[in-house]
Amino acid sequence: MDGVTVIDHPLVQHKLTIMRNKETSTASFRRLLREISTLLCYEVTRNLDLTTIRIETPMEAMDSPVLEGKKLVFASILRAGNGLLEGMLDLVPAARVAHIGLYRDHETLQPVEYYFKAPEDLENRLVIVVDPMLATANSAIAAIEKLKERGAKNIRFLCLLAAPEGIERFRTAHPDVPVFTASIDRHLNDKGYIVPGLGDAGDRMYGTK
Ligand code: PRP
Ligand code: URA
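The rules behind each value
Residues numbered from 1 in each chain as written. Chains lettered and ligands numbered in written order. Predicted model: local features only at pLDDT ≥ 70, side-chain atom pairs only at ≥ 80, totals over all residues. Heavy atoms only, no water. Buried < 20%, exposed > 50% of the residue type's maximum accessible area, 1.4 Å probe, protein only. Helix = DSSP H or I, 4+ residues; strand = E, 2+ residues; numbered from the N terminus. Arc of directions from axis to C-beta. UniProt positions renumbered as here; feature names shortened; annotations may be inferred. Polar contact = N/O pair within 3.5 Å; in protein donor to acceptor, adjacent residues only side chain to side chain. Contact = heavy atoms within 4.5 Å. Near = heavy atom within 4 Å. Areas by Shrake-Rupley, 256 points an atom, 1.4 Å probe, with all protein chains shown as cover. Nonpolar A, V, L, I, M, F, W, Y, C, P; charged D, E, K, R; others polar. Salt bridge = Lys/Arg side-chain N within 4 Å of Asp/Glu carboxyl O.

Draft legend 1. Molecular detail of helix α5 (residues 164–173). Those residues of α5 that fall on the buried side of the exposure criterion are G166, I167, F170 and R171. Considered in projection along α5, the buried side chains sweep an arc of 125° and stay on one side of the axis. The exposed residues of α5 that point more than 90 degrees off its buried face are E168 and T172.

Quick look at the structure:
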């Protein structure tokens, strides 16, 4: 699918299976999400541009590669996005962080915004938006609209599970934003949940149901 990368690394798929299992505890779910997010982060940053800096090893001087450009921004769609954010920050500790508070109204499935805080200078930075679930895509579409209003131009979206319906809507709304996911599941049910999915990601992370 154009603009969509499925991260099929065996470790990702193995951990995802344990997360999907309804018998998996809240503590294990949270730990696995943190572990899996480092693997997903590795893939979503795979083609970042490099430059070189001059350093001296104990043996000699050399031009050695470092990331080019300004620090990355990770934008977490609350609450569940924070489960991905933590592991990504383990890997890229200098990243800047944006928080976008959205929850789905259970009747309309429309996102309700309650918080937004982002670094001022989004324009010249790569912004990686993270949320474990892309279901109807209403939340991700709204979050990225907001980031674009604030100047973001170079954006990627990273999730754990996506529904085919959500991917189609997302790519229509934001064709310039590539999507990275560990799985494209079968479909959305009539309540807007991903099937087979893993249930409500926020509730499973925080034990709220
Ligand atoms: C979940 C999930 C996404 C959204 C996806 O959040 O983390 O943000 O649903 O659904 P959509 O693609 O249909 O918009 P939820 O609204 O349950 O809020 P929470 O993270 O606070 O639990
Ligand atoms: N949000 C979730 O947490 N799970 C779904 O299956 C759909 C939206």
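On we go.
Draft legend 2. Highlighting the UniProt feature "binding site: uracil" (unreviewed entry) in the chain. The sites that carry the UniProt feature "binding site: uracil" (unreviewed entry) are, in the present numbering, I194, G199, D200 and A201. Residue position: D200 is located in the loop between β14 (194–195) and α6 (201–206). A distance of 3.1 Å separates the side chain of D200 from the backbone nitrogen of G202, its partner in a polar contact. Checked against the element boundaries, A201 lands in helix α6. Residues within four places of A201 in sequence aside, it is in contact with F29, A80, P132 and M133.

Draft legend 3. Representation of the site of ligand 1 within the structure. Lining the immediate environment of ligand 1, one finds 15 residues, of which R104, D131, T136, A137 and S139 sit closest. T136 places a polar side-chain atom, nitrogen or oxygen, 2.5 Å from an oxygen atom of ligand 1. Contact with the protein chains removes 93% of the 500 Å² of surface that ligand 1 exposes when unbound. Within the residue set of the shell around ligand 1, elements represented by two or more residues are β5 (96–104), β8 (133–134) and α4 (138–149). Across the shell around ligand 1, the residue classes tally to seven nonpolar, four polar and four charged.

Draft legend 4. The arrangement of the pattern of salt bridges in detail. One pass over the full model with this rule turns up 13 salt bridges. With a closest N to O distance of 3.1 Å, E35 and R31 form a salt bridge. Of this pair, E35 and R31 both sit in helix α2 (residues 26–44), four residues apart, which is roughly one turn of that helix. Overall, E35 belongs to the partly exposed group, its relative accessible area being 27%. Note that K153 and E123 form a salt bridge whose closest N and O atoms lie 3.7 Å from each other.

Draft legend 5. Layout of the site of ligand 2. Neighbouring residues of ligand 2: R104, M133, A135, G192, Y193, I194, G199, D200 and A201. G199 places a polar main-chain atom, nitrogen or oxygen, 2.8 Å from a nitrogen atom of ligand 2. A201 has a polar backbone atom sitting 2.8 Å from an oxygen atom of ligand 2. Bound to the protein, ligand 2 loses 89% of the 240 Å² it would expose on its own. Class assignment of the residues belonging to the shell around ligand 2 gives a composition of five nonpolar, two polar and two charged.

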